[in-house]
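Geometric and topological summary
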Amino acid sequence: EDKVVQSPLSLVVHEGDTVTLNCSYEVTNFRSLLWYKQEKKAPTFLFMLTSSGIEKKSGRLSSILDKKELFSILNITATQTGDSAVYLCAVNSGAGSYQLTFGKGTKLSVIP
Amino acid sequence: GAGVSQSPRYKVAKRGQDVALRCDPISGHVSLFWYQQALGQGPEFLTYFQNEAQLDKSGLPSDRFFAERPEGSVSTLKIQRTQQEDSAVYLCASSPGQAYGYTFGSGTRLTVV
């Protein structure tokens, strides 16, 4: 059974701090790893990673994948209160239907 | 439309009642997925459509759950004889193809009382 584990489950930081969120996975037929931000109900797409060692960057957010060690990290620099959300990691195992297997998420709270 | 639209936003059902949840995907998106998200958990896969064909329904928790997408656009998730454990947010997502990230709708929060 495909498995995605995120850590920490929750995190409280002050504005301006840098955070690193972790995601490890065990899947039978890896295709891609995706990160989403969920503030209320709709997860919002952040990154899709398919190759090891290539950093994807968008503003203050960046992410990288290690396919040998089966994990990914999501970094957020100079955090702002608007970064407060649940960050979800998901793996597409390509098992026919391209369904995503999600972790439980990391709840990030950024306080002023 | 510009995004994935789901209705209703909230639904309260009495135990044993049937419910129907609607998803209107982004126009032209071939792939459509339904996920169930319990409180404090990540979304869990329910079913997948490619156009009108339901290619995977392995995540549907019981035969009380049924999904359709008859014309390859709008999809309906039906839950018969709702139980308390069905209470969750039901998320719909669509994608233009297999190599792309999904776009999720805002979900329907179902509460069974």
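Here is what the cut-offs are and how they apply
- Residues numbered from 1 in each chain as written.
- Chains lettered and ligands numbered in written order.
- Predicted model: local features only at pLDDT ≥ 70, side-chain atom pairs only at ≥ 80, totals over all residues.
- Heavy atoms only, no water.
- Salt bridge = Lys/Arg side-chain N within 4 Å of Asp/Glu carboxyl O.
- Buried < 20%, exposed > 50% of the residue type's maximum accessible area, 1.4 Å probe, protein only.
- 1 Å grid on protein atoms, 1.4 Å probe; cavity = no way out; pocket = protein on both sides within 12 Å on 5 of 7 lines; lining within 4 Å.
- Points joined across faces, edges and corners; volume = space filled by probe spheres on them.
- Helix = DSSP H or I, 4+ residues; strand = E, 2+ residues; numbered from the N terminus.
- Nonpolar A, V, L, I, M, F, W, Y, C, P; charged D, E, K, R; others polar.
- Disulfide = S-S within 2.5 Å.
- Phe/Tyr/Trp six-rings, centres within 6.5 Å; stacked < 30°, edge-to-face > 60°.

If charged atoms from side chains of opposite charge come close, those side chains can pair. In this structure the tally under the stated criterion is 5 salt bridges over all chains. A:E39 is the partner of A:K37 in a salt bridge, and the nearest nitrogen-oxygen pair spans 4.0 Å. Given a relative accessible area of 15%, A:K37 falls into the buried group. Note that B:R22 is salt-bridged to B:D24, the shortest N-O span being 3.5 Å. Since its relative accessible area comes to 28%, B:D24 is described here as partly exposed.

Take the layout of surface pockets next. There is about 490 Å³ of room inside the largest pocket. If you trace the largest pocket, you find 23 residues lining it, with A:V86, B:Q37, B:L39, B:G40 and B:Q41 closest to the centre. When contributions to the lining of the largest pocket are tallied by element, the ones reaching two or more residues are β9 (85–92) and β11 (106–111) of chain A together with β9 (88–95) and β11 (108–112) of chain B. Considering only enclosed or pocket space, the second largest pocket measures out at about 370 Å³ in volume. Lining the second largest pocket we find 15 residues, and of these A:E1, A:D2, A:T101, A:F102 and B:E44 sit closest to its centre. Where the lining of the second largest pocket is concerned, the elements lending two or more residues are β1 (3–7) and β10 (100–102) of chain A together with β5 (44–50) of chain B. Looking at the lining of the second largest pocket, the element that brings in the most residues is β10(A), giving 3 residues. Classifying every residue of the lining of the second largest pocket by side-chain character gives 5 nonpolar, 5 polar and 5 charged.

Moving on: the state of the cysteines. Evaluated as defined, the whole model comprises 2 disulfides over all chains. Each disulfide pairs two cysteine sulfurs, and for A:C23 the partner residue is A:C89, the sulfurs being separated by 1.9 Å. Linking A:C23 and A:C89, the disulfide has an S-S dihedral of approximately -70 degrees and is accordingly described as left-handed. Here the residue A:C23 occupies a position in strand β3 (residues 19–26), and A:C89 occupies one in strand β9, the gap between them amounting to 66 residues. Taken individually, A:C23 and A:C89 each receive the classification buried, so the pair is uniform in this respect. Sulfur-sulfur distance for the disulfide between B:C23 and B:C92 comes to 1.9 Å. Note on the B:C23 and B:C92 pair: the S-S dihedral is about -65 degrees, so by sign convention the disulfide is left-handed. You can see B:C23 sitting in strand β3 (residues 19–24) and its partner B:C92 sitting in strand β9, a full 69 residues away along the chain.

Working definition: an aromatic ring pair is given by the centre-to-centre distance plus the angle between the planes. In this structure the tally under the stated criterion is 14 aromatic pairs over all chains. Here the aromatic rings of A:Y36 and A:F102 are separated by 6.1 Å at their centres, their planes lie at 45 degrees, and the arrangement is tilted. One end of the pair, A:Y36, is in strand β4 (residues 32–38); the other, A:F102, is in strand β10, and 66 residues separate them in sequence. Just as A:Y36 is buried, A:F102 falls in that class too. Aromatic pair B:Y102 and B:F104: ring centres 6.2 Å apart, planes at 40 degrees, arrangement tilted. With relative accessibility at 6%, the residue B:F104 sits in the buried group. Members of the aromatic cluster, each reached through a chain of ring pairs, are A:Y36, A:F45, A:F102, B:F33, B:Y35, B:F45, B:Y48, B:Y102 and B:F104.

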